[in-house]
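Report on the structure
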Amino acid sequence: MELLIITGMSGAGKSTALRAVEDIGYFCVDNLPVPLIPKMAELLSVPGTEINKAALGVDIRSGQNFSELEKILKDLDQSGTRFEILYLESSDDVLIKRYKETRRSHPLLISNKASSLLEAIEFERRLAEPISKLANLSIDTTKLKGSRFQNLLEDYFSSGKVDPFRITFESFGY
């Protein structure tokens, strides 16, 4: 069983990442409450289950339970559960731009834990820092376009590694 935890900054591409790995056969659950992660891992490890690859989207929408993520992941590791952590990051400017484009509110603004979008992003970055240090793979999506990001993830998670000798030619006209 392969378990992938996808986390990181709100607006950095977790939903896109979940769609990409779902397209290559992962069973995906977004916004799983942090306390349910061990139970999910336990269910996935039951012999005979049809699900052999799962990805869990976990972020600050879990509220105060998000602060428990580091401990739960360490407990999973000590119990012998194998998993990978994909951490997604982006610059403050790009996150602000993405929020303005989608006209969605940052989860910390919705919960009144921040008074501005920039304050919410800075607060979230501090909350997520311990998890970012545990990640097996960190991707900064600041300059990645959606399709390129999806292709990168599909290549990495379907073959197990990114081919460093892959060349991509892009053609465009004026």
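Residue positions within a chain follow its written sequence, with the count starting from 1. Local features in this predicted model are restricted to residues of pLDDT 70 or higher, and side-chain atom pairs are both shown and tallied only at a pLDDT of 80 or more, whereas totals for entire chains, interfaces and linings draw on every residue. In computing side-chain properties, one takes all heavy atoms of the structure into account and sets aside hydrogens as well as water.

Right, let's get into the nonpolar core. In plain words, nonpolar cores are sets of buried Ala, Val, Leu, Ile, Met, Phe, Trp, Tyr and Cys residues tied together by side-chain atoms within 4.5 Å. For every residue, the accessible area (1.4 Å probe, protein chains only) is compared with the maximum for its type, and the residue is labelled buried under 20%, exposed over 50%, or partly exposed between those bounds. With 51 residues, the main nonpolar core has Ile5, Ile6, Ile37, Leu56, Leu86 and Phe157 as its most contacted residues. Setting aside anything within four residues of it in sequence, one finds Leu56 in contact with Leu3, Leu4, Ile5, Ile6, Leu18, Val29, Leu32, Ile37 and Met40. In what follows, a contact means two residues having at least one pair of non-hydrogen atoms within 4.5 Å.

The next point concerns the packing of helix α4 (residues 92-102) against helix α6 (residues 117-134). The angle between the axes and the distance between the axes are what describe a pair of packed helices. Direction vectors running N to C along α4 and α6 enclose 125 degrees, while the axes themselves pass 10 Å from each other. When the axis of α4 is compared with that of α6, the two are oblique. As for the relative orientation of α4 and α6, their crossing is right-handed in sense. Listed contacts from α6 to Asp92, Leu95, Ile96 and Tyr99 of α4 are Leu117, Leu118, Ile121, Glu122 and Arg125. The nonpolar class holds Ala, Val, Leu, Ile, Met, Phe, Trp, Tyr, Cys and Pro. Asp, Glu, Lys and Arg form the charged class, and all remaining residues, Gly among them, are polar. A class-by-class count of the residues in the contact of α4 with α6 yields six nonpolar, no polar and three charged. As a rule, the C-alpha atoms of each element are fitted with a line to give its axis, helices using only the stretch in contact, and angles between N-to-C directions run from 0 to 180 degrees. For helices the rule is a DSSP run of H or I covering at least 4 residues; for strands it is a run of E covering at least 2, with both sets numbered from the N terminus onward. Roughly parallel means an angle under 35 degrees; roughly antiparallel means over 145; roughly perpendicular covers 65 to 115; every other angle is labelled oblique. By definition, turning the near helix anticlockwise from the far helix through less than a right angle yields a left-handed crossing, and turning it clockwise yields a right-handed one.

So, about the pattern of salt bridges. The term salt bridge refers to a side-chain nitrogen of Lys or Arg lying within 4 Å of a carboxyl oxygen of Asp or Glu. Per the stated rule, a full pass over the model turns up 10 salt bridges. A salt bridge links Lys14 to Asp59; the nearest nitrogen and oxygen atoms lie 3.6 Å apart. Here Lys14 is found in helix α1 (residues 14-23), whereas its partner Asp59 is found in the loop between β3 (53-57) and α3 (69-78), with 45 residues between them in sequence. Linking Asp59 and Arg61 is a salt bridge whose minimum nitrogen-to-oxygen distance equals 2.8 Å. For Asp59, a relative accessible area of 3% puts it in the buried group. Overall, Arg61 belongs to the partly exposed group, its relative accessible area being 39%. One connected set of salt bridges, linked through shared partners, spans Lys14, Asp30, Asp59 and Arg61.

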